[in-house]
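Chains, contacts and geometry: an overview
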Amino acid sequence: MRRTRLAIALLALAGAAIAQRQEQTLVSGWRFQKSDPGAAMQPAFDDSGWQAVRVPHDWSQHEPFRAEYGSGNGYAAGGIGWYRRSFALGTEQKGRVARITFDGVYDHAQVWINGQYVGGRPNGYSSFQFELTPYLKFDGSPNVLAVRVDHSRQTDSRYFTGSGIYRDARLSFTDALHIAPWGSYVTTPQVSAARADVKAEAELINAAASERQFTLRAELIAPDGRVVTTREARASLAAGKRRTLSQKLVVNEPQRWSPEAPRLYTLRQTVLVDGRPVDQTTTPFGIRNFRFDAAQGFFLNGQPLKIKGVCLHHDAGSLGAAVPVAVLERRLQQLKDIGVNAIRTSHNPAAPELLDLADRMGFLVQAEAFDEFTPTKNKWIEGWNVGVPGRQGYGEEFAAWGVRDIEDMVRRDRNHPSIVMWSVGNEVDYPNDPFSHPVLGAKYRPAAPPASDLVLWGRPLVDAVRRMDPTRPVTVAMASVEMSDAVGFGGLFDVAGYNYQEARYSADHAKFPKRVIYGSENRHDYRAWAIVRDTPYISAQFLWTGFDYLGEAGRWPLRAADFGLFDLAGFMKPRGAFRASLWSEQPVVYLAAATASATLVASQSGQGTPLLDQQKRAKVAEHWNWPAGESMVVSAYANTPEVQLWLNGKLVGTQKAMDAVEGILSWTMPFEAGELKAVGLKDGKAAAEVKLQTAGAAARIELQRVAPTKDGIEQIAFFVVDAQGRRVPDAAQRLRFDPAGPLEILGIGNGNLADVDDPRDAEHAAYEGRGLAILRRTDKTQPARLRVSAPGLMPAELDL
C-alpha cells in the first residue's frame, strides 16, 4: 500500500525520537469541495473529484465577488465547504496520544476522523484541538480526517472574515504522560537589572492506565543559546489525571525585553521517566515588567513609554484571511519603520504567527477577544450604515461559548511578552447596537436590551481572564463611556479604553483619579495625538487602522475600508508619512499635494487636520501631475527643525517646525510641471530629502522585490512608469502576469477599494500606477521567473 507523505514524515520523526513529542503541520494533501454532501465524513466517500488545495485556505477569495454577498464581509462568498485529508500510521505510533489542532477555521467547524465525530467550534477565530487516539488505525491503512465548515451566515460580521481552514492545522503525537496543550506557563514575578525571578509552570496529563513516576526538568536558555539555569522536580501522576507543577528559576543580569531590544529567552521543559525523555516543549518568553499608572501612564522596565499603536484586522488585501508569515512580517516591518510600537488585534484572537512576530520584532500588543456580546450587533449588507442591517453573528453563540473562547485565547497566548493587555471586546457598549440606557437622552430606546446586561456578560469574561493570567490588566474598548459608567461596566476593568472620546479625558481623570485611561481607537488627526503626547496620564493611542482592510465597505463595488496608514497592497499613504513625522526617531520629510479648492472644502469640514488623505478631507496625493496652472497646496510632513521647498531648482521657501499647523507645513502655488523637492534641515544641513516629479506617458513596466523571500513567498511590487522610470500616477492598465517555472500566483492586488477582479487571475489592473503580486515557489531548487506585460508597454521580467 502506498504511504502518504504525512506517514513518511512521521516515520522520519519517529526514527529520531519516537519517545518524544512529534508534530506535523498539515499543509498539502487536502481536498476541498464547496458543497454539503451528507456522507462526506465517511472514509469510503469518494472525494477524487474534489479540488486539491493547500492549507491555510480561504475560499472567500477564490470565488467571484458579488453585491448580494454583503458589504460587511467585503462582498465575498460564504457558504458551506468540506475538507478531507488522508494519512497512514504504523504500529510505532500505537499507544501514543494523537491530537489535531486548528489555529482558525471560519466558522462553525465540525471535525471527524474515520467517520467518528470528535467535536466542533463555532468561533471562527479560536484555536482548538481534539484528541483522535481512540479512532485511529495503526496498520498502514488510510485514516481519513474530514472537516465541515459552515459559513452559510455570510453576512455575520462587520468586517471581512474569510471562509475555511484559513490558519494552520497540525497533527501531533505525544507519550501518554505529557505536558497538556498550552500547558506551559512562564511568568517573571520580579525583574530588575540585576536579577529576574522566573516562575515556570507545566500542566501534565497522564493518559496511561497506571500511575507514572517522573522528573520535570526546566531549563532557561538565553538569547545567545546558552542554558543559564536548570531546575528539576520529581513527582507522580495517577492514571487519567492532571496536575500542575511550578518551579522557580533565577536569572542574574537578565537581558530584558523591550520594543527597542526584543530579546527572547526560551523555557525548555522536559518530562523524564527513568531518566529517559518522554516529552518536551519549548516556550519563547521575554523578561520584562510593566505597569499602568493612573497619573503617570505606562512604564516598561521602569521607564515611561508612550504606546504608539495601530489597530489591525486579520486580512491582507488580495490574500484574504490566509496570510503567509512572510506577508505579516513585511507589514509589521513597515509599521515599525514609521515609529509604530504597538498593535491592537481588532477584534478577535490573532494568528499565533502574528504574536510570534510581535515578540521577535518588538511590538506591544493589546490582545482582543470579541466584537460583540449578545444579542448581535448590526451587520450592514448594502453598504456601511446603508439600508437595513442583518443581525447574524457570533452573538448567537456568545452565551454558550464566550467564556470558553476567551479562556482559550488567554491560555494559548499568555506566554507572549508582547502582550500587555487583554481586551474582552470592542465597542460592545455602542449606543443602541444593541444596548441602550436612559443616560442617552433622546436617543434612548426603551425596547432595546438594557445596558446593565453589559455587566452581566462582561464580568464572567473578566473573571475568566484573571483566572488564566493574573499578571496582565484586563481592558475593553468603550464606544460610550457615559453609558458604560451609568451601569458600572467601566468599573470592571483594570484599564479603560476610550474609542474616539478624547474630549472626555480631562473630566473623567478628575472624576475617576484612579482610572487608567488610554485611547483604544483613534483618528489620524494631529489633535488626537497631541493630547496623548502632552498628557502624562494618557498612555496610549491606537489608530484606526494600520492597513486598509477588507469589509466594512461602502456600496458595491467598494470592497474595503480606507482608514489605513498603508493601502491594501502595502503602499504607504500620505497619512502614513504624516504619522512617521510624529512618531519616527529617524529624520522624516515627505511631500503630498492637493488642489486648493479641495483643501478649502476640507478645512471647513470641522474634521481637523485637513491636509490628510482621509474622509471629508482633502484628497492629498504623493505625485506632481496636475492640470497646468491649477492652484495647489503642497504639504510637507516632517520632523526636522526646518524644511526647504524647491521647484525646478528654485527655492520656494523655508519654513520652521514651529510654523506647522496641526503638524503640517504647507505652501500654496500654481502647478508647474517638473521636480518638486523638499529638504529637511537639521543644524542647517540636509537630514532628509524627498522628490515628486511630473511623469510623462506610460512607457514600460517595472518589477521590484519588496521583501526577502521566506518560505517560498515572493512579494513583487509592479509599477507602470514613463520612459525615465517615473511612476505614472493615473495608470490603470490591465497587466498580464506569466509565472514560469515552479511558481504560482497567491494573490494580485492594488490599493483600489473597488477592485473586484479575481486576485488569483493572471490578469489584473494597476491602480495609481502600481500594485503588488504575491507568489509562492513550489520548488525552491528550480529557477523561476515572472514576466509582466501589457499592450503598448515594454514588459518586465524578474528572475526569482
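About the cut-offs
- Residues numbered from 1 in each chain as written.
- Predicted model: local features only at pLDDT ≥ 70, side-chain atom pairs only at ≥ 80, totals over all residues.
- Heavy atoms only, no water.
- Helix = DSSP H or I, 4+ residues; strand = E, 2+ residues; numbered from the N terminus.
- Polar contact = N/O pair within 3.5 Å; in protein donor to acceptor, adjacent residues only side chain to side chain.
- Contact = heavy atoms within 4.5 Å.
- Buried < 20%, exposed > 50% of the residue type's maximum accessible area, 1.4 Å probe, protein only.
- Axes fitted to C-alpha atoms, helices over the stretch in contact; angles between N-to-C directions.
- Parallel < 35°, antiparallel > 145°, perpendicular 65-115°, else oblique.
- Left-handed = near helix turned anticlockwise from the far one by under 90°.
- Salt bridge = Lys/Arg side-chain N within 4 Å of Asp/Glu carboxyl O.

A few words now on the side chain of Thr281. Here Thr281 lies in strand β17 (residues 276-285). One polar contact links Thr281 to Ser184, side chain to side chain, over a distance of 3.2 Å. In contact with Thr281, not counting residues within four places along its chain, are Arg21, Ile179, Ser184, Leu267, Arg268 and Gln269.

On to helix α3 (residues 352-361), then. Buried residues dominate α3, accounting for 8 of its 10 residues. Every buried residue of α3 is accounted for by Pro352, Glu353, Leu354, Leu355, Leu357, Ala358, Asp359 and Met361. Contact partners of the buried residues in α3: α2 (325-337), β22 (342-345), β23 (364-368), α4 (395-413) and β24 (419-426). Gly362 lies just past α3 and shows a positive phi near 90°.

A few words now on the packing of α4 against helix α5 (residues 453-468). For the pair α4 and α5, the least separation of the axes is 9 Å and the interaxial angle reads 25°. In terms of axis orientation, α4 runs roughly parallel to α5. Handedness of the α4/α5 crossing: right-handed. On the side of α4, the interface is formed by Phe398, Ala399, Gly402, Val403, Ile406, Glu407, Val410 and Arg411, while α5 contributes Trp457, Pro460, Leu461, Ala464, Val465, Arg467 and Met468.

Scanning the model with the defined rule gives 56 salt bridges in all. Overlapping salt bridges bring together Arg121, Arg404, Asp405 and Asp408 as one network.

Attention now goes to the environment of Val97. Looking at the secondary structure, you find Val97 in strand β5 (residues 97-102). By relative accessible area, which is 4% here, Val97 ends up buried. A sequence separation of 76 residues divides Val97 from Phe173, and the C-alpha atoms of the two residues are 5.4 Å apart. If sequence neighbours within four positions are ignored, Val97 has contacts with Glu131, Thr133, Ser172, Phe173, Thr174, Asp175, Ala176, His178 and Ala207.

None of this, on its own, says anything about what the molecule does.
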